[in-house]
Amino acid sequence: MNVDIQSLGTFNQLAHEGAEEATRSMAQMTGIDAVVDVTKITLLNRDDVGEELTGREFVGVQFAFDGVLEGDTVLVFDADSAATIADALVPGDSPDEAMARSGVKEIGNIMMSGFIDGWADYVEATIDHSPPEYIEKSGADVLPDAPTDADYQQVFVFKSQIEWIDESVNFYIYMLPEYEPLAELMMEQADTEDDAIPIDKLQTFNEMTTKGTQQAADNVEMMTGIPTDAEVTQISFAPITDVPKQVGTETYVGTVVEFTGTPSGYLMVLFDEVSAVTVAEAMMPIEMESDELTDQHTAAIEELGNIMTSGFVDGWANVLQTSVEHTPPRVVHDMGRAIVDPLAAQVGQHQEHAFIIESEMKTDDIEFEAEILALPNEKELREALEALDVERANETQADVEQIFE
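About the criteria used
- Residues numbered from 1 in each chain as written.
- Predicted model: local features only at pLDDT ≥ 70, side-chain atom pairs only at ≥ 80, totals over all residues.
- Heavy atoms only, no water.
- Helix = DSSP H or I, 4+ residues; strand = E, 2+ residues; numbered from the N terminus.
- Contact = heavy atoms within 4.5 Å.
- Areas by Shrake-Rupley, 256 points an atom, 1.4 Å probe, with all protein chains shown as cover.
- Buried < 20%, exposed > 50% of the residue type's maximum accessible area, 1.4 Å probe, protein only.
- Polar contact = N/O pair within 3.5 Å; in protein donor to acceptor, adjacent residues only side chain to side chain.
- Core = buried A, V, L, I, M, F, W, Y, C linked by side-chain atoms within 4.5 Å.
- Axes fitted to C-alpha atoms, helices over the stretch in contact; angles between N-to-C directions.
- Parallel < 35°, antiparallel > 145°, perpendicular 65-115°, else oblique.
- Nonpolar A, V, L, I, M, F, W, Y, C, P; charged D, E, K, R; others polar.
- pLDDT = per-residue confidence, 0-100.
- Phe/Tyr/Trp six-rings, centres within 6.5 Å; stacked < 30°, edge-to-face > 60°.
- Patch = residues over 30% accessible without salt bridge, like charges linked within 9 Å, V, L, I, M, F, W, Y side chains within 5 Å.
- Salt bridge = Lys/Arg side-chain N within 4 Å of Asp/Glu carboxyl O.
- Lys, Arg positive; Asp, Glu negative; His and termini not counted.
- Charge placed at Lys NZ, Arg CZ, Asp CG, Glu CD.
- Expected span 1.5 Å × (residues − 1).
- Arc of directions from axis to C-beta.

(A) The arrangement of the overall build of the chain in detail. When helices and strands are counted, the chain shows 10 helices and 16 strands. Long-range pairs, those at least 24 residues apart, make up 78% of the contacts in the chain with a sequence separation of at least 6. For the chain, the exposed surface amounts to about 17,400 Å²; the carbon and sulfur share of it is 41%.

Structural data, given as structure tokens:
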């Protein structure tokens, strides 16, 4: 079954407009100003849904919906945000626990009804939803179980992140539709098959990315002695203008390369500043006296970024049976959005939306975390997927001796 780029763009816009309508409803009820920061469609392994929520306490309001679309959607607040909303609904009083729950449930009902109704209006079909259910759990447990399908281990997730103006508080809307109804609806809405992507090949490409990330992690361990594992790997789809928002405002140290071939685009290896110092010093023959980022640290990051990039991109080339080359790594040290913005602008000269390939690697032994982000040319990615032989998906292993020449 195929999914076309136009439908992905349309459905992403629907989710974004639904989140904006829900946010306006909240503002009218509470007086709290908020904006929808980013909306994206993500394809990822079922077990990784909600990974970004790990380590925090949340409350939520969940609905099941059925009709032309089936699945679950949930509005997720961190615990402090929920208390603020309850206070806004009952000004002058300190609401007890029951009243706070009731307030969150009430506002969630109004917000999410508008969210679902927007989808129904667009497709001109009925989408019913269940009464709201209040949820209070930790991390990803606040989300409903991802839809199950014996034929597919990966799921599409719609996620909007909403940011309170003048407050460092975020909340989220997750929509987890059943796979088959979503795919069928996308096909019905498509005007052309010219830009369609086979979903099974998109999933295979995601699996390739996971293996490529593990290859990069193995290269890190080989060079530093730090046991490193690949974590979440996902392919997200968002408007090109929202791509820099995927990274955030934290400061990163890493490398950027441009890769050419099929596909072409940009690849970033990004470390937070603490991880950059840690992993760089693990590569050095002598102990550094300074905790600050020095020229020696930067040189080590440049070398490591080159090795990680080569392992990652060579794995693609092996499976796609194409030539994928990359430029020497350019070291970057800046706010995440500032790093990604000029790259998105380059890609955006030829397309309105982008696929963002995101991977993470971590270690439990020390404070270390890294991200790999690829921003491929949409048309060339589609051509590569069309030619992809899914039976070659296990051939991502790169030639380590060639990499280290």
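(B) Representation of the side chain of N12 within the structure. With respect to the element layout, N12 can be found in helix 1 (residues 5–30). When its relative accessible area of 2% is taken as the criterion, N12 is described as buried. A polar side-chain atom of N12 sits 3.4 Å from the main-chain carbonyl oxygen of F237. Sequence-distant contacts of N12, that is, excluding residues within four places in its chain, are made with T39, K40, I41, F237, A238 and P239.

(C) Geometry of the nonpolar core. Core analysis: the largest hydrophobic core is formed by 91 residues, its most contacted members being W119 and F271. Among the elements that line this core, the one with the most residues is helix 7 (residues 295–320), at 11 residues. Beyond its immediate chain neighbours, meaning those up to four positions away, W119 contacts F11, L14, A15, L69, I127, F158 and M175.

(D) Looking closely at the packing of helix 5 (residues 199–224) against helix 6 (residues 273–283). Helix 6 packs onto helix 5 with a crossing angle of 50° between their chain directions and a minimal axis gap of 8 Å. Looking at the two axes, helix 5 sits oblique to helix 6. Contacts between helix 5 and helix 6 involve V220, M223 and T224 from the first element and V279, A282 and M283 from the second. Residue composition of the contact of helix 5 with helix 6, by class: 5 nonpolar, 1 polar and no charged.

(E) Here's a closer look at the confidence of the model for the chain. Mean pLDDT over the chain works out to 80, with 87% of the residues at or above the 70 mark. Taken element by element, the predicted model of the chain shows its lowest mean pLDDT in helix 10 (residues 400–403) (35) and its highest in strand 14 (residues 330–335) (94). Every residue in residues 398–405 is under pLDDT 50, and counting partners more than four places away or in other chains gives 15 contacts.

(F) Structural detail: the packing of aromatic side chains. The full count for this structure, using the stated rule, is 6 aromatic pairs. Each ring, one from Y172 and one from Y174, has its centre 6.1 Å from the other, and the planes form 45°; the classification is tilted. Each member of the pair, Y172 as well as Y174, carries the same accessibility label: buried. Three or more aromatic residues joined by ring pairs make a cluster, and in this case those are F11, W119 and F158.

(G) The arrangement of a negative patch on the surface in detail. A cluster of acidic residues, D218, E221, D229, E231, D364 and E369, forms a negative patch on the protein surface. If you list the elements that add at least two residues to the negative patch, you get helix 5 and strand 10 (229–239). Relative to the helices and strands, D229 is located in strand 10. Judged by its relative accessible area of 43%, D229 is partly exposed.

(H) Quick peek at the pattern of salt bridges. A complete count under the given rule lists 6 salt bridges for this structure. With a shortest N-O distance of 3.4 Å, R337 and D37 are connected by a salt bridge. Here R337 is found in helix 8 (residues 336–347), whereas its partner D37 is found in strand 2 (residues 34–45), with 300 residues between them in sequence. Judged by its relative accessible area of 24%, R337 is partly exposed. Across the pair K40 and E358 runs a salt bridge whose closest N-O atoms are separated by 3.7 Å. Remark: E358 occurs in strand 15 (residues 353–362) and K40 occurs in strand 2; sequence separation between them is 318 residues. Like K40, the residue E358 is buried in the burial classification.

(I) Main features of the packing of helix 5 against helix 9 (residues 378–387). Close contact between helix 5 and helix 9 brings their axes to 9 Å; oriented N to C, the two are set at 100°. Comparing the axis directions of helix 5 and helix 9 gives the class roughly perpendicular. Along the contact surface, helix 5 presents K201, L202 and F205, while helix 9 presents L381, L385, E386 and A387.

(J) Geometry of helix 8. End to end, helix 8 covers 17 Å across 12 residues, agreeing with the expected 16 Å (1.5 Å per residue, within 8%). Buried residues of helix 8: G336, I339, V340, L343, A344 and V347, and no others. For helix 8, the angular spread of buried residues about the axis comes to 120°, placing them on one side. On its buried side, helix 8 packs onto strand 11 (251–261), strand 12 (265–272), strand 14 and strand 16 (369–376).

(K) Highlighting helix 9. E378, L381, R382, A384 and L385 are the residues of helix 9 that are buried. Buried residues of helix 9, seen end-on, are gathered within an arc of 160° and therefore sit on one face of the element. Facing away from the buried surface of helix 9 by more than 90 degrees, the exposed residues are K379 and A387. Between a side-chain oxygen at the N-terminus of helix 9 and the backbone nitrogen of K379 the separation is 3.0 Å; the capping residue is N377.

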